[in-house]
Amino acid sequence: MNVDVKIQMLNFFFEVFNFIFLVLGVSVCGIGLWILFDGGSLLNVHASDELRIVGAGLILIGLVVFAVSIIGIVGATKEIRCLLLVYMGLLIALVLGQLFVALLLLINRDTIEQSLDQTVDRIIFWYGGHNRTDTLMDRIQRYEGCCGRMGPSDWLLNSFLLNLTNQDLLPCSCFNSSRPAINSPWCSERQNLTGPVYGVGGGSFEQGCKQKLVDWLQENLLTVVTMDTALMLIQVVQFVFSVYLYRALGSRTAAKVPQPGEQSDLRGQNYAYVDQDNADLY
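The following paragraphs examine the structure supplied in this document. (Residues numbered from 1 in each chain as written. Predicted model: local features only at pLDDT ≥ 70, side-chain atom pairs only at ≥ 80, totals over all residues. Heavy atoms only, no water.)

Here the focus is the state of the cysteines. Inspection of the entire model under this criterion finds 3 disulfides. One disulfide bridge connects Cys147 with Cys174, the sulfur atoms lying 2.1 Å from each other. When the S-S torsion is 90°, as for the bridge of Cys147 with Cys174, the disulfide is right-handed. On the criterion of sequence distance, the pair formed by Cys147 in the loop between helix H6 (132–144) and strand S1 (170–171) and Cys174 in the loop between S1 and strand S2 (175–179) is long-range, its members being 27 residues apart. Summarising the burial analysis for this pair, Cys147 and Cys174 share the class buried. The disulfide that involves Cys172 links it to Cys187, with 1.9 Å between the sulfurs. (Disulfide = S-S within 2.5 Å. Helix = DSSP H or I, 4+ residues; strand = E, 2+ residues; numbered from the N terminus. Buried < 20%, exposed > 50% of the residue type's maximum accessible area, 1.4 Å probe, protein only.)

Given below as structure tokens:
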């Protein structure tokens, strides 16, 4: 195959995979931002140090992927071999960084799960129905059909209910159907406790939310690890294309440089030609 045609083909596939590489990198960066800054996620309410490191690492990987993609595009388009070498070196560094993030997630999975349990217990203790975390807990219980972390009895540890003599109250989100009071998030199935102070609830959920939360956490961790793995596979493909493109550019450069034997032949031909002219003059 002609070297120029080979370089064009390698450039085409290089840019296609580089675009996929860039899209995955931006997605990974978005996941990192979600872990660290999404106020509507339990992971962000009281995030563990391990989870913060993972989030920061994903953001850093996404930003580095963007920079590396630009370097690769410039190196391939302008056919600059030294930039391709830099590109390949950064790909190796990125793979090592992604392996670190993936292993950190897998090794600390139980720690992150324990941190999530502690976050839910803390929300239950301070629950009052008036802030962001309370709304988040209500949404989980209402849409998942669960109550408390392990069950409705978890709400007996709430700071408000601990001060009541009659604790037959649950958040209105713990009931299959409810009619909340105007200024209270609490409901009860007992008619003597309802009225202007508390709302009316019917059919409380008996199952705790722990399993739902564990499933949700596992799905999100699996998503992060899957995207990280896909990004690493793309990087391996990119590395292979970079090596072949680097070698093809080197071959074309070497083909354009005259060999020593060819140069001496040219000099000999020119010398004979001059002699012939001199012979004609005489």
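Mapping Asp154 onto the fold places it in the loop between H6 and S1. For the buried Asp154, which has no salt bridge, the nearest side chain bearing the opposite charge is Arg149, at an N-O separation of 5.1 Å. Separated by 2.8 Å, the side chain of Asp154 and the backbone nitrogen of Arg149 make a polar contact. (Lys, Arg positive; Asp, Glu negative; His and termini not counted. Salt bridge = Lys/Arg side-chain N within 4 Å of Asp/Glu carboxyl O. Polar contact = N/O pair within 3.5 Å; in protein donor to acceptor, adjacent residues only side chain to side chain.)

As a further point, take the sheet that holds S2. Taken in spatial order, the 4 strands make up an open sheet running S1-S3-S4-S2, and their pairing is mixed. Strand pairing shows two members of the sheet lacking a second neighbour, S1 and S2, which therefore form its edges. In terms of strand pairing, S2 meets strand S4 (residues 199–204) through 4 bridges, oriented antiparallel. The residue bridging Arg179 from the neighbouring strand is Val200, located in S4. (Pairing = 2+ DSSP bridges.)

On to unusual backbone geometry. The backbone of Glu79 sits at a positive phi, close to 55°, despite the residue not being glycine. Relative to the assigned elements, Glu79 resides in the loop between helix H3 (49–77) and helix H4 (81–107).

Before going further, it helps to examine the packing of aromatic side chains. Tallied over the entire structure, the rule returns 10 aromatic pairs. Measuring from ring centre to ring centre gives 5.3 Å for Phe14 and Tyr87, while their planes differ by 55°; the resulting arrangement is tilted. Of this pair, Phe14 sits in helix H1 (residues 3–37) while Tyr87 sits in helix H4, placing them 73 residues apart in sequence. Like Tyr87, Phe14 is buried. Pairing Tyr127 with Trp155 gives two aromatic rings, centres 5.0 Å apart and planes at 75°, and the pair type is edge-to-face. Remark: Trp155 occurs in the loop between H6 and S1 and Tyr127 occurs in the loop between helix H5 (109–126) and H6; sequence separation between them is 28 residues. Trp155 matches Tyr127 in its accessibility class, with the two residues each being buried. Among the aromatic residues, ring-to-ring pairing joins Phe12, Phe13, Phe17 and Phe241 into one connected group. Lying across the ring of Tyr246, Arg81 places its NZ or CZ 3.9 Å from the centre. (Phe/Tyr/Trp six-rings, centres within 6.5 Å; stacked < 30°, edge-to-face > 60°. Lys NZ or Arg CZ within 6 Å of the ring centre and 35° of its normal.)

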